[in-house]
Amino acid sequence: MAGRVEGKVAFITGAARGQGRSHAVRLAEEGADIIAIDVCKPMTAEGGIPPSTPEDLAETADLVKGLNRRIVTAEVDVRDYAALKAAVDSGVEQLGRLDIIVANAGIGNGGLTLDQTSEEDWDDMIGTNLTGVWKTVKAGVPHMIAGSNGGSIILTSSVGGLKAYPHTGHYVAAKHGVVGLMRTFAVELGQHMIRVNSVHPTHVSTQMLHNEGTFKMFRPDLENPGVDDMAPICQMFHTLPIPWVDPIDVSNAVLFFSSDEGRYLTGVTLPIDAGSCLK
C-alpha cells in the first residue's frame, strides 16, 4: 500500500456504487478509512435509472474492509441535513477524525427543454445535485475545522458544469452552481488550510449512463438501443477517440486532490473529459 492518504478519514456521498464506490475503494487502497452514505432507494427524478440498494452499499463496505480499512455506512438522502449531520457525527466519533469530503451524490435525467421541465424534476435536481452538495460540506466542515489538520474537499460537478447542453438544463444549472459553491468554500475555508476543488467528468461508465432510459434519450431513433448504440454518439462529444471514461479515472483525480501531492491546490475546476471542453 502506497499510503498517499494513510491515516486519514474520508466522508463520501453516493458511495453505494458507481463513482462513489470507486472513490471509496481508491482512497481505502491508499490508507484512508471511510464514512460512506447513499440514499439506497428510488428517487423520482432519476427516471429510468435503477436506484442504488442497501445491498450495493453493503458491497462497498465489504470492498473497503477487504483492504483492511475501517468503514462506517448509513442510508441517507443528501437533501436531509439532520440525517447527514448525524451520519457524519457518528462516523467521526467512531473513526476519530475527518480529513476528506467527497460530495459525489447526484442524479441525472433529461430529455426536455428548460421551458418544458416540470417543477418536480427541477426541485429534485437542484435539491440533490446542488443543495445536497452544500449540505454535505456544511455537515462535515465543523469536524475539519475542529481537528486543526486542514483538509481537502472535492465536489463532483460535470462537463455540464463548465458548458451547456440542451435538454438537460436543470442538470447544467445545478452543476454550474457546484462551481460557485466550490469557489466560495475555497475562499472561506482557506484560512483553515482546507482546500476545495471540483472534478468535471464527461460520460462515465456507470449505471447512470448505462441504463435503458439514457439509451433511449440518446438514441430515440432505435426501438431497443444498447451500449453499442450509445458508444458512437458519446464519442462525438470528445476529442479523444473514446465514448466514456471509467470511474477509476475520476477516482484518481479525487485521490490527487486528497493527497499531499495537491497540498496547495484550491479553487480548481478539473475536467476528466477526454477533451470534451475543447469541442
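The preceding data block contains the structure.
Anyway, here's the lowdown on the structure attached to this text. Quantities reported herein were computed from a predicted structural model and do not represent experimental measurements. (Residues numbered from 1 in each chain as written. Predicted model: local features only at pLDDT ≥ 70, side-chain atom pairs only at ≥ 80, totals over all residues. Heavy atoms only, no water.)

A word on the sheet that holds strand E2 (residues 33–38). Taken in spatial order, the 7 strands make up an open sheet running E3-E2-E1-E4-E5-E6-E7, and their pairing is parallel. For this open sheet the edge positions go to strand E3 (71–75) and strand E7 (269–272), each flanked by a neighbour on one side alone. Averaged over all pairs of adjacent strands, the angle between their axes in this sheet comes to 15°, without regard to strand direction. Pairing geometry for E2 and E3, over 5 bridges, is parallel. (Pairing = 2+ DSSP bridges. Helix = DSSP H or I, 4+ residues; strand = E, 2+ residues; numbered from the N terminus. Axes fitted to C-alpha atoms, helices over the stretch in contact; angles between N-to-C directions.)

What follows deals with the packing of helix H1 (residues 18–29) against helix H2 (residues 54–65). One can describe the packing of H1 onto H2 by two numbers: an axis separation of 9 Å at closest approach and a directional angle of 15°. By the criterion of interaxial angle, the relationship of H1 to H2 is roughly parallel. For H1 against H2, the interelement crossing comes out right-handed. Contacts between H1 and H2 pair Arg21, Ala24, Val25 and Ala28 from the former with Asp56, Glu59, Thr60, Leu63 and Val64 from the latter. A breakdown of the residues in the contact of H1 with H2 according to their chemical character gives 5 nonpolar, 1 polar and 3 charged. (Parallel < 35°, antiparallel > 145°, perpendicular 65-115°, else oblique. Left-handed = near helix turned anticlockwise from the far one by under 90°. Contact = heavy atoms within 4.5 Å. Nonpolar A, V, L, I, M, F, W, Y, C, P; charged D, E, K, R; others polar.)

Looking now at the pairing of strand E4 (residues 100–103). Side chains Ile100 and Val102 project from E4 onto one buried face, and the interleaved Ile101 and Ala103 project onto a second face that is buried too. With 3 bridges joining them, strand E1 (residues 9–13) and E4 adopt parallel strand pairing. The residue bridging alanine 10 from the neighbouring strand is isoleucine 100, located in E4. Relative to strand E5 (residues 151–156), E4 runs parallel, the two being bridged by 4 bridges. Its bridge partner being in E5, isoleucine 101 is matched across the sheet by isoleucine 153. Handedness of the crossover is the feature at issue here: the chain leaves E4, passes through helix H4 (residues 119–147), returns alongside E5, and the resulting connection is right-handed. (Buried < 20%, exposed > 50% of the residue type's maximum accessible area, 1.4 Å probe, protein only. Right-handed = clockwise from strand over helix to strand, strands pointing away.)

Topologically, asparagine 211 is positioned in the loop between strand E6 (194–201) and helix H6 (212–218). In terms of polar contacts, asparagine 211 uses its side chain to reach the backbone carbonyl oxygen of glutamine 207, at 2.9 Å. (Polar contact = N/O pair within 3.5 Å; in protein donor to acceptor, adjacent residues only side chain to side chain.)

Among the 6 residues that make up E2, 6 are buried, leaving the element largely enclosed by the rest of the structure. A two-sided burial pattern is seen for E2, the buried positions comprising Asp33, Ile35 and Ile37 on one face and Ile34, Ala36 and Asp38 on the other. Both E1 and E2 contribute to a ladder of 5 bridges, which runs parallel. When the sheet's bridge partners are listed, threonine 13 is paired in E2 with isoleucine 37. Handedness of the crossover is the feature at issue here: the chain leaves E1, passes through H1, returns alongside E2, and the resulting connection is right-handed.

Further remarks concern the packing of aromatic side chains. In the structure shown here, the tally under the stated rule is 3 aromatic pairs. Between tyrosine 165 and phenylalanine 237 the ring centres are 5.7 Å apart and the planes differ by 55°, which places this aromatic pair in the tilted class. Linking tyrosine 165 in the loop between E5 and helix H5 (169–189) with phenylalanine 237 in the loop between helix H7 (227–235) and helix H8 (247–258), this pair joins segments that are 72 residues apart in sequence. Phenylalanine 237 gets classed as partly exposed once you look at its relative accessible area, which sits at 24%. Seen from their ring centres, phenylalanine 218 and phenylalanine 237 are 6.3 Å apart, and the 45° between their planes marks the pair as tilted. On the criterion of sequence distance, the pair formed by phenylalanine 218 in helix H6 and phenylalanine 237 in the loop between H7 and H8 is long-range, its members being 19 residues apart. Take phenylalanine 218: its relative accessible area is 22%, and that puts it in the partly exposed class. Ring-pair connections join several aromatic residues into one group, and the members of that group are Tyr165, Phe218 and Phe237. Over the ring of tyrosine 81 we find lysine 138, and its NZ or CZ is 5.5 Å from the ring centre. (Phe/Tyr/Trp six-rings, centres within 6.5 Å; stacked < 30°, edge-to-face > 60°. Lys NZ or Arg CZ within 6 Å of the ring centre and 35° of its normal.)

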